[in-house]
Amino acid sequence: MHESLEQTDHESSPGDQVPQHAPRSPALSVLICFATGILLDAWLNLAISIWLLTAVSVLCGWLFSFWRHRRFVATLMLLALVVCLGALRHHEFWFCRSPEDVTRLLSPESQQQAPKCIVRLAGQITSRPDIHDIKENELLNPEQPQRRIQFTLACQNLITKDSKSPMTGKVRVFITENLKPSGSELTSSLRAGDLVEVIGELKPCEKPDNPEDYDFSVYYRKQKIDARLSVKIPEAVTVLQESNDYSWNRLRTSARGWFRARIVEQTTESTQPVALALLLGERTELSSQVRQEFSQSGLIHFLAISGLHIGFFSAFVWGICHILNLPRSVTVTFLVMAILFYLSIIEIRPPILRAASFCVLVTLGLVNWRTITTLNLVCLSALIILLINPTDLFDVGTQLSFLAVTAILWTVNQDFYKNLYQQTWLPLRWRLKANDPLLQTPLQRLCFQYFRMLYSVFLVTFFIWITTAPLVLYHFHLLSPIGLLVNTLIFPFLFLILLLGYLLMFVGALLPFTAGLFGYCFDQSLQLLLWIVKWTSNLPWSHFELPAPALWWILVYYVLLLFSVLPGLAKQNRISRISVKKLRLSLLPVWILAGLLVPLLIPQEPSLRCTFIAVNHGVSILIEAPGGETILYDAGSMSPVEQTYTKIKNTLLSRRIRRVDLLLISHADRDHFNSAEELIANGYVRELAFPQSFLSRSQRGTIELCDSAMDYHVPIQLISKGDHFTLGKETEIEVLHPEFGDRYQEDNPSSLTLKISYGGRQILLTGDLEGAGLKQLLSETATGHFDVLLSPHHGSQSANTRDLSEWARPAYVIVSGGREKTISELKKIYSETAQIYATRQHGAIVCQIDETGNLTVNPFKIDGQRTDTWEQ
C-alpha cells in the first residue's frame, strides 16, 4: 500500500509538481574565472601593462552594458574582469620585485664561473628556526657538521664596509653547526621575530639535478623566497635585537612552545613525533620510516593537519559550548576565536586555511540563522586561498584537498549514500527491519547504525581515492589500495585519537589534574595506531610504487571522471538513460586499462643506456641493456640516506624499472652504498654483488648491508677481475679490477672497475680508483680507446692522471659530483677533444649507444637550464 502511494506520487502529472530550482552558486563562476586568469598569466607571461589595459577596457565595457541594460553582456564583462584580476594578482605575486630586492645581487645564471656573492644582511627572522641533527650513521667524517639550522629572513639592510643600504625580499638561511662542548649553541638563542645580522654566501634556490627531483626553487618562490644564504659557521650570525616579549611572533612562539612542552611531557619518545604532527602540524621530527609507513598504509593524510582535523576541532569546541549551554551568539564568538587561536599555534597551509575559512563562514552564518550552500562555501574558501597566494592553484596539496572535498560533496548527495536501506542489493529482510524501528531489537539497532557508519565512511573514502589516486601516483609514484580498508575500519579510532589529543591540550591545560589521564590514553592510542600502520604497510599487495602516468593521461582521466558524474540529459527515455549511464561509467575503467597497456605496446629502439644519476657527492649509474636487463653501479652519496634513495628510486620508476637485476657496489665507502640497504628493503634489487675487499674493510654499514640482503632473500656474490656479465646477445661487461684476494691499505684502490662493450663502443666505470689500484690497471694492455670514462674519485686530481688519460683516451669524461673547479682542472689533464661533464653542474647525464654504434651524451642541464635534447 505504502509503495503504491509512492509510485502514484512519482507518476503524477508534471503540472501537479512544484518546480525545484537548483541552488545558485555564483561563487563557482567567480572562482573559475579567477583561476582562469591565474592560468593564463602563468602560461602566457604577458606584461602587467597588457593586463591593466585589458582590465580597464573590460571595465568600461561593463559600465556601458550596465547603462544600456544589457544584463547578459554585462555579466560576461564582469566575469572577464575577474579573469583580468586573477591574472594581475598572479603577475604581481610571481613576477614583480622591487628594485632593492635581494635577488638583484645575484649574477645571471648564464654567466660562467660567477664569483661567490658574499653578503652581510640584516633582517628579521619570520619563521620558526628548523633544527635537524644529523644521524650518527650519516656522519662520514668527524669534521662533518652535526646540525643544520634553517629559517626565513626578511631582509631590511645590506651592510658593507662603509655604508648601509635598504634591501627587501626574503632569503632562506641555512646554517651548519658542530655540536661540541665549546660550541656556541646558536639554536638555543634564535627565535622568530629576532632582528639578526648574517654573513654568508648568497645563492639562487636549488633547481632539480634529475628530471624527477623535487623543484625547491619553485617551492620557495611560491613563498616569495628567491635566494638562499649559506652560512658555514654559527658565529656568522649575530642577534641585533630580540623580539619584544609582547610581539605577535613572540606570543605565538611562546604559546606554541607551551603546548608543545605539554605534549612532549605526556607522550613517549616513539609517539612524540606523531603527536606533534597531529596536534601542532610539526612534522620535522617524523622519521623517514614513519612517513613511508603512513604513506604506504594510506593514512598519510592523518599526519598532516587538514580539513579532518579543523572540522573535528570545531565540533570539539562546539560540543563543549553545548555542554555548558552557552547562548548561540556566545558560542559562535567563542568558536571563531578558538579557530583563530588554533591557527596561530600551528603551521598554516592551504588545506588548513580552506577548512578554517569554511568553518568560520558557516559559524558566522549561524548568527542570523542564515545558511550558505556548501558549494558556495567551498568556492569562497578557495577564493580566499588564491587571493592570499595565487600559486597555490598549482600546489599538489591544494589540488588534492579540493578534489577530496569535491568527492565528498558529490558522494553525500547521491541516493545510494543517503538511502542505504532502500538499495536493492541489500536483502529484503534487512531493508524491512532497517526502515521499521518496531521490528528491531536494541542489538540489531546498534548493528544497523554501525553498518550505516561503515558504509558511509567506505563510500566517501572510495570516491576520494578514485578522485585523488591518479594525482598522488603522478606526483609521488605511490598507489595504496589498502587505505580504502584501513580508513573505513579505523575511522572512529582516528577521531578518538584526535579527541584525546585536544582534551590533553586544552582541558588538561585548564584542569592540570586531568592531563596525566588524557596523556596516558593519548599515548597508548598512538602506539596502537603506529602498530596498525606498520602492520598494514607490510601486508602483501597493500601498496605499489609505480611510474608516474603521462600528464595527458591524467587530464583525460579527470575529463572522463567529470563526464561520468555529471547528470544526464533529461529528455531521454528510461532505456536510453540506462544505456548512456552504462557507457559513461565504462569509459573510465577502459581509459585506466589503456593507460596501463599503451606504454607496454610502444616499441622501444634497442640501445644501451647509461644514466649517471646526480646524487651530489657520490655515485649511482643505471645501466640498461637493449634486451631490458638492468644493472645499478653504486647507490650512495654523502647526502642523507632518504635523499639519495629518493633520487635513485624516482629515476628507476621514471624508466619503468621496478627492480634492477644486479646491484654492484664498487667499494666500501659510504658515499657509494649508503642507500643500498633501503633499495633492498623496498624490493628494488634482485641480486647484490661486490669485490671481496668490500668485506675486508672497517667501514660502517658493510655487514649491515649483507644482513639486510639475507633478510630479504637477495643473493650475494663476490666478483673479481676476469668475471664477465652478458646482457642479451651483444652487451658485454668485464671486470678489470680488482683481482680476487687483492688487499690495499685504503678503500679507493680496490674500487670495482668495469668495461662495458656494445655496438663497437666502450664505457669504463672506475669508482674511486686511485693509487696502487690505478697503477695496476694502467699496467694492463689497453683494449683501444674508451668512448666514455667515469672520472675516478669524483674528478680528484690524484686519481685523474695524464697516464690514465693516455691509457684510456676518452672522448667523454663524466664526473659524478665534483667541485666547482673540477671541470677546468680536468681540461688540463685530458685531451682537448675530450668533452667533460659533471653532475654538479650538468645534473643527470645520459650516455646512449644505438644498435649501429652511434653515441649520444645528453646532460640534463647546461648553464643551469634544462636542455631541450634531454630524453626520459
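Okay, so let's go over this structure. In this text the structure is predicted, and so the values were computed from the model without any measurement.

### Here we look at the sheet that holds strand β21 (residues 788-790)
- Strand order across the open sheet formed by seven strands is β17-β18-β19-β20-β21-β22-β23, with mixed pairing between neighbours. Looking along the sheet, the strands with just one partner apiece sit at the ends: β17 (724-727) and β23 (835-838). Strand after strand, the sheet turns through a mean of 15° between neighbouring axes, direction not considered.
- As paired elements, β17 and strand β18 (residues 731-737) share four bridges and run antiparallel to each other. Each bridged residue has a counterpart across the sheet, and for T726 the counterpart in β18 is E732.

### Here's the deal with the nonpolar core
- Residues V274, F294, Y342, Y502, M505 and L529 are the most contacted members of the largest nonpolar core, which totals 56 residues.
- When residues of this core are assigned to their parent elements, the largest contribution, 14 residues, is made by helix α18 (residues 482-510).
- Other than its neighbours up to four places away in sequence, Y342 contacts L278, L279, I305, I310, F313, Y502, M505 and F506.
- L662, F725, L754 and V857 belong to the second largest nonpolar core, which has 33 residues in total.

### Focus: the sheet that holds strand β12 (residues 618-624)
- Read from one edge of the open sheet, eight strands run β16-β15-β14-β13-β12-β11-β24-β25, paired in mixed fashion. Bordering the open sheet on either side are β16 (716-718) and β25 (855-859), each of which pairs with just one other strand. Going from strand to strand, the sheet's axes swing by 20° on average, the running direction of each strand aside.
- Alignment of β12 against strand β13 (residues 630-637), held across six bridges, turns out to be antiparallel. Residue pairing for β13: V619 is matched across the bridge by G636.
- Along the sheet, helix α22 (residues 641-654) makes contact with β11 (607-612), β12 and β13, crossing β13 at roughly 160°.

### Some thoughts on the side chain of K649
- Relative to the assigned elements, K649 resides in helix α22.
- Within the buried set, K649 has no salt-bridge partner at all; the shortest N-O distance to an opposite charge, 4.3 Å, is to E545.
- Residues within four places of K649 in sequence aside, it is in contact with E545 and Y684.

### Comments concerning the pattern of salt bridges
- Taken as a whole and judged by the stated rule, the model has 25 salt bridges.
- Between R260 and E285 there is a salt bridge; the shortest N-O distance is 2.3 Å. Taken together, the residues span a long stretch of sequence, with R260 in helix α6 (residues 248-266) and E285 in the loop between α7 (272-280) and α8 (288-296) at a distance of 25 residues.
- For E285, a relative accessible area of 38% corresponds to the partly exposed category.
- For D661, the salt bridge identified is with R686, shortest N-O distance 2.7 Å.

### Here's the deal with the environment of I592
- Mapped onto the fold, I592 is located in helix α21 (residues 574-601).
- Given the relative accessible area of 33%, I592 is considered partly exposed.
- Sequence spacing of I592 and P470 is 122 residues, and the spatial spacing of their C-alpha atoms is 9.8 Å.
- Filtering out sequence-adjacent residues up to four positions away, I592 remains in contact with W553 and Y557.

### Examining a negative patch on the surface
- Negative charge collects at one region of the surface, where E677, E704, D707 and D711 lie side by side.
- The element best represented in the negative patch is helix α24 (residues 702-711), accounting for three residues.
- Along the chain, D711 turns up in helix α24.

The rules we used
- Residues numbered from 1 in each chain as written.
- Predicted model: local features only at pLDDT ≥ 70, side-chain atom pairs only at ≥ 80, totals over all residues.
- Heavy atoms only, no water.
- Pairing = 2+ DSSP bridges.
- Helix = DSSP H or I, 4+ residues; strand = E, 2+ residues; numbered from the N terminus.
- Axes fitted to C-alpha atoms, helices over the stretch in contact; angles between N-to-C directions.
- Core = buried A, V, L, I, M, F, W, Y, C linked by side-chain atoms within 4.5 Å.
- Buried < 20%, exposed > 50% of the residue type's maximum accessible area, 1.4 Å probe, protein only.
- Contact = heavy atoms within 4.5 Å.
- Lys, Arg positive; Asp, Glu negative; His and termini not counted.
- Salt bridge = Lys/Arg side-chain N within 4 Å of Asp/Glu carboxyl O.
- Patch = residues over 30% accessible without salt bridge, like charges linked within 9 Å, V, L, I, M, F, W, Y side chains within 5 Å.
- Areas by Shrake-Rupley, 256 points an atom, 1.4 Å probe, with all protein chains shown as cover.
- Charge placed at Lys NZ, Arg CZ, Asp CG, Glu CD.

From the geometry alone we can't say anything about function, so treat these as descriptive.
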